[in-house]
Structures are given as C-alpha cells and as structure tokens.
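Observations on chain architecture
One-letter residues, chain by chain:
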Amino acid sequence: MKIIEAKDYDELSKIAGDIVLAQIREKHNSVLGLATGSTPIGMYEYIVEAHKKGDISFAAVTTFNLDEYVGLDGEHPNSYSTYMDTYLFDHIDIPKANMHIPNGVALDAEAECTQYEAKIVQSGDIDLQVLGIGIDGHIGFNEPFTPFTSKTHLVQLHETTREVNQRFFDSLDEVPTHAYTMGIDTIMRSKHILLLISGSSKAEIVARLLNESVTEEIPASVLKNHPHVTLVIDRDALSKTK
Ligand code: PGA
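Presented here is a report on the structure given in the accompanying data block. (Residues numbered from 1 in each chain as written. Predicted model: local features only at pLDDT ≥ 70, side-chain atom pairs only at ≥ 80, totals over all residues. Heavy atoms only, no water.)

Locating Arg208 in the fold gives a position in helix α7 (residues 203–211). Between the C-alpha atom of Arg208 and that of Lys240, which follows or precedes it by 32 residues, the distance is 9.3 Å. Here Arg208 is in contact with Glu217 and Ile218, once residues within four sequence places are set aside. (Helix = DSSP H or I, 4+ residues; strand = E, 2+ residues; numbered from the N terminus. Contact = heavy atoms within 4.5 Å.)

Given below as structure tokens:
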C-alpha cells in the first residue's frame, strides 16, 4: 500500500483528484468505481473544476458506484444517485448510459445484485476504484465479518453505520436499514484502488488498519493483500498511528 500523507482535507482532495484525472488521461475509456459520503466531495469538486476549465472529458468513461440504499429511488434526495448527480454527473460530459448505480427500488433484489456484478465483469472490471472507510472499518457497505469472497449483495446496515449516516437525514428512522453494495471480491478485482481517509474520527480505525494484520473484522484490512492501493490520508486521520 502506497501511503501519501496530505496536510489537510483540501490537499487530500487535490491529490486524489489528480490521480483520477491522470487515470482518465492515460485511458480515456477508463472504468471508474465511485464512492459517496463526505470524504470524496472535495475530490469531486476538484474534478468538476478541471472539466469546466476544459482540461478533461468524461465522454468515454464508465462508472460504477459502490453502493445504494434499498428503498430509495434514484430521485430521492438522500439516494446515492442524487448525491452523484449533485457532486459530479450534472457537471461533466459523461453519457447517462455509462453511469451505473444499483437500483434501490429493484423488485428482485437477487437479480439486481447478479446483474450489477455481471455488468462490472462485462466492462472488464474497474480500472480505478475510489474508496472511503467507515469507523468500523467497512468499505462500501461491507460491514465487519463480510466474507472476502463476497460479490455485489444486499446487506443489513449496522446500527453504528445508520447512526453515522443519520446526519444526511431528518431522523434515524428515515435512514434505510438495508443497502446494495459491491462485495469485497468485486472491489479487490479493481486494478488500482484509491483509498481516501480524512479527519480525526477515523484516527482509531486507521491505527488498527495500519498496525493489525488482515482480518475480516476490519474489512478494509483486505486491501493490504491488493498489489496496487494508494492511500491518501490527512494528518488528522493519522494522529493515532505510531
Ligand atoms: P464518509 O464515509 O466519507 O462519509 O466518512 C465513508 C464510509 O462510510 O465509507
């Protein structure tokens, strides 16, 4: 795992944005895996700015998002589909047909997962996967003890995850109980993984991630088995790591 230390969130966002832009410049039809949450927002803003300046085109890029809440349709303000439109898709030239996010209101959950996984495989798997980490070590919505062999699947969210994500909703009751997520095997098939970690709330899990061995108890620890991971992390997130 290559570790790049950023002094703060702004620098992290710029470094991460430049890695994504370099990927697209090198391969204009790259397949990107995208993440939601607070961490990548600054990176998306940086990428949108580059596009506005005419520095980059997404016309040939394909994207797959990591996850989506079950029960929220794509138009719902808290869906990850809306998040992606708000922070990225509405501002770049990517064709709609090239964007993929699990359908939170699919009638057949099993078919949704199978088809999503198949589309990723058909695209030749992901060239660059952007990832965040949860305070419990989750990646995507793969909570602790998710098998490392998992493909796209339906998960029941841990209460801690729902509580952490409550900040985006009016109340805890409104936070969905389930989600679709790429599995750990899906993520690990990506050719390059860009893990972004910011802020002191992540300092404890970062210390565990970096100091402990690979274990299903810390899903992100599996990334140590991947040959090409770039971790971009700010000083606050490293504050408990010796
Ligand atoms: P965050 O989420 O970027 O909002 O901290 C990360 C995650 O839960 O994977």
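A word on the side chain of His153. Secondary-structure assignment places His153 in strand β7 (residues 153–156). Owing to a relative accessible area of 19%, His153 belongs among the buried residues under this scheme. Polar contacts involving the side chain of His153 include one to the main-chain carbonyl oxygen of Lys151, which spans 2.7 Å. Beyond its immediate chain neighbours, meaning those up to four positions away, His153 contacts Cys113, Asn142, Thr146, Ala179, Tyr180, Thr181, Met182 and Gly183. (Buried < 20%, exposed > 50% of the residue type's maximum accessible area, 1.4 Å probe, protein only. Polar contact = N/O pair within 3.5 Å; in protein donor to acceptor, adjacent residues only side chain to side chain.)

This brings us to the environment of His192. Within the secondary structure, His192 sits in strand β9 (residues 192–197). The class for His192 is buried, based on a relative accessible area of 11%. Between the alpha carbons of His192 and Ile41 there is a distance of 20 Å; along the sequence they are 151 residues apart.

We now examine the pairing of strand β10 (residues 229–234). Burial analysis of β10 places six of its six residues in the buried class, which makes it a mostly covered element. Along β10, one buried face is formed by Val229, Leu231 and Ile233 and the opposite face, lined by Thr230, Val232 and Asp234, is buried too. Pairing between strand β1 (residues 2–6) and β10: five bridges, direction parallel. Among the inter-strand pairings, Ile3 is bridged to a residue of β10, identified as Leu231. Pairing geometry for β9 and β10, over five bridges, is parallel. Looking across to β10, one finds that Ile193 is bridged to Val229. (Pairing = 2+ DSSP bridges.)

To continue, consider the pattern of salt bridges. Scanning the entire structure with this criterion turns up 13 salt bridges. The salt bridge partner of Glu5 is Arg235, with a shortest N-O separation of 3.6 Å. Here Glu5 is found in strand β1, whereas its partner Arg235 is found in the segment after β10, with 230 residues between them in sequence. The partner of Arg208 in a salt bridge is Glu217, and the shortest N-O contact between them spans 3.3 Å. For Arg208, a relative accessible area of 30% translates into the label partly exposed. The exposure class assigned to Glu217 is partly exposed, which follows from its relative accessible area of 35%. Counted as one network, the salt bridges with shared partners bring together Glu117, Asp125, Lys151, Asp185 and Arg189. (Salt bridge = Lys/Arg side-chain N within 4 Å of Asp/Glu carboxyl O.)

Strand order in the open sheet formed by three strands is β4-β8-β7, and the pairing between neighbours is antiparallel. Each edge of the open sheet carries a strand with a single partner, namely β4 (67–69) and β7. In this sheet, neighbouring strand axes are inclined to one another by 25° on average, regardless of whether the strands run parallel or antiparallel. Pairing analysis gives four bridges linking β7 to strand β8 (residues 178–181), with the strands arranged antiparallel. Directly across from Leu154, in β8, lies its bridge partner Tyr180. (Axes fitted to C-alpha atoms, helices over the stretch in contact; angles between N-to-C directions.)

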